[in-house]
Amino acid sequence: MAHSTMHFAIGLVSGTAILLPSVLRGMTTGKKTSKDTGRMLAVSYALAFVAIIPNLLRHAGIPDSFCSGWWMNLFLFNPMLDKLKPGGLLIGELMILVLFVTHYSIIITGIIKVSRLKHNQPISELFSKN
Amino acid sequence: MNHLLIAASIPFLIAAVVYFMHRCRASLILLLVTPAFMAIAMLWAIVPDLPRLFGMMDLYNQLLRDPRCNIFFWHFTIDNIETDSVWHSVLFVLMWGLLLSTAWRELMLREKEL
């Protein structure tokens, strides 16, 4: 059985992979990115939650035969992943860490871009402003 | 998880105080420094556990019984009283989520001000 952090990470990866292109497109074309970024974060964390629903049900005491049924593949292939990759706590934690850093970096890049547009200032001066 | 949670919560709470003092606005430097200090604090908190990672079990066992390890965010005390709970993970995720949402809110507000 795969660890719940692995399922959570798979959900995060899926959401990020779906919406990252639109965020990057907005960044390169100079559009406002907060809406796209917010949508990407919301979808990523929602999918991460969806991916661990069978684990949460199991934790709540629902029989394992139900939680491991083929229908649970609806939750981002949860039982299939359980069979393919047992364990995966460390990989899951590392994936979550990488995705958190990626999300945070995207937001910080957006803030730097907005500040530069607003004040038309060089990047070295950004750190002294609010 | 207790070590990481307690260590990360110290810079996080300090940053939260600064954030509220600035009427819920975060400077770029605050947004960069907070996660960096959280990461450093978490690393500091697990220093006595690192020998185990590198297979140095003698040193690990020695540090495990040494009360001076309390300089690593009360590592020795926590090891003696800690209990395992799913709420530690929940609180940890909540903390990172708050950090991420604060940064995103700052981006949104700055875009509105353009």
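A brief look at the structure comes next. Quantities reported herein were computed from a predicted structural model and do not represent experimental measurements. (Residues numbered from 1 in each chain as written. Chains lettered and ligands numbered in written order. Predicted model: local features only at pLDDT ≥ 70, side-chain atom pairs only at ≥ 80, totals over all residues. Heavy atoms only, no water.)

Glancing now at unusual backbone geometry. Residues and elements named next belong to chain B. Residues other than glycine seldom take positive phi values, yet arginine 23 does so here, at roughly 50 degrees. Turning to its location among the elements, arginine 23 is positioned in the loop between α1 (2-21) and α2 (28-45). Overall, the relative accessible area of 77% leaves arginine 23 in the exposed class. For cysteine 24, which is not a glycine, the phi torsion comes out positive at approximately 60 degrees. Structurally, the position occupied by cysteine 24 is in the loop between α1 and α2. (Helix = DSSP H or I, 4+ residues; strand = E, 2+ residues; numbered from the N terminus. Buried < 20%, exposed > 50% of the residue type's maximum accessible area, 1.4 Å probe, protein only.)

A few words now on the packing of helix α1 (residues 4-29) of chain A against helix α2 (residues 34-51) of chain A. All names here are of chain A. As a packed pair, α1 and α2 sit with axes 7 Å apart at the nearest point and diverge in direction by 155 degrees. What the angle tells us is that α1 and α2 run roughly antiparallel. As for the relative orientation of α1 and α2, their crossing is right-handed in sense. Only Asp36, Thr37, Arg39, Met40, Val43, Ser44, Tyr45, Leu47, Ala48 and Ala51 of α2 make contact with α1, whose side of the interface consists of His7, Phe8, Gly11, Leu12, Ser14, Gly15, Thr16, Ile18, Leu19, Leu20, Ser22 and Val23. (Axes fitted to C-alpha atoms, helices over the stretch in contact; angles between N-to-C directions. Parallel < 35°, antiparallel > 145°, perpendicular 65-115°, else oblique. Left-handed = near helix turned anticlockwise from the far one by under 90°. Contact = heavy atoms within 4.5 Å.)

Residue position: glutamate 111 of chain B is located in helix α6 (residues 86-112). Although glutamate 111 of chain B is buried, it makes no salt bridge; lysine 32 of chain A carries the closest opposite charge, 6.0 Å away. A distance of 2.7 Å separates a polar side-chain atom of glutamate 111 of chain B from the backbone nitrogen of threonine 33 of chain A. If sequence neighbours within four positions are ignored, glutamate 111 of chain B has contacts with Lys32, Thr33, Ser34 and Val114 of chain A. (Lys, Arg positive; Asp, Glu negative; His and termini not counted. Salt bridge = Lys/Arg side-chain N within 4 Å of Asp/Glu carboxyl O. Polar contact = N/O pair within 3.5 Å; in protein donor to acceptor, adjacent residues only side chain to side chain.)

Quick look at the layout of surface pockets now. Residue and element names in this part refer to chain B. In this structure, the second largest pocket encloses a volume near 220 Å³. Phe12, Ala16, Tyr19, Leu98 and Thr102 are, among the 13 residues lining the second largest pocket, the residues nearest its centre. Counting residues per element, the ones that place at least two in the lining of the second largest pocket are α1, α2 and α6. The biggest single contributor to the lining of the second largest pocket is α1, with five residues. (1 Å grid on protein atoms, 1.4 Å probe; cavity = no way out; pocket = protein on both sides within 12 Å on 5 of 7 lines; lining within 4 Å. Points joined across faces, edges and corners; volume = space filled by probe spheres on them.)

Within the structure shown, the criterion is met by eight aromatic pairs over all chains. With a centroid separation of 6.1 Å and 50 degrees between ring planes, the pair formed by phenylalanine 73 of chain B and tryptophan 74 of chain B is classed as tilted. Residue tryptophan 74 of chain B is classed as partly exposed on the basis of its relative accessible area of 47%. Taken together, the ring pairs in this structure connect Phe100 and Tyr104 of chain A together with Phe92 and Trp96 of chain B into an aromatic cluster. (Phe/Tyr/Trp six-rings, centres within 6.5 Å; stacked < 30°, edge-to-face > 60°.)

Another point: the interface of chain B and chain A. Facing the 20 residues of chain B at the interface are 23 residues of chain A. Across the chain B to chain A interface the summed buried area is about 2,200 Å²; carbon plus sulfur atoms make up 74%. Of all residues in chain B, the largest losses of buried area upon contact with chain A belong to Leu28, Leu100 and Glu111 of chain B, amounting jointly to 31% of the total for that side. Summed over the shared surface of chain B and chain A, the number is six residue pairs in polar contact (both at pLDDT 80 or more). Those elements giving two or more residues to the side of chain B that touches chain A turn out to be α2 and α6 of chain B. Among the elements that line the side of chain B that touches chain A, the one with the most residues is α6 of chain B, at 10 residues. Split into classes, the residues belonging to the side of chain B that touches chain A amount to 14 nonpolar, one polar and five charged. (Buried area = accessible area lost by both parts, 1.4 Å probe. Nonpolar A, V, L, I, M, F, W, Y, C, P; charged D, E, K, R; others polar.)

Right, let's get into the pattern of salt bridges. Residues and elements named next belong to chain B. For the structure on display, the rule yields six salt bridges over all chains. The residue aspartate 66 makes a salt bridge to arginine 68 at a minimum N-O spacing of 3.1 Å. Take aspartate 66: its relative accessible area is 17%, and that puts it in the buried class. Where glutamate 106 meets arginine 110, a salt bridge forms, and the shortest distance between an N and an O atom there is 3.0 Å. Of the two residues, glutamate 106 and arginine 110 are both situated in helix α6; the distance of four residues between them amounts to about one turn of the helix. Within the structure, one salt-bridge network assembled from shared partners comprises Arg25, Glu106, Arg110 and Glu113.

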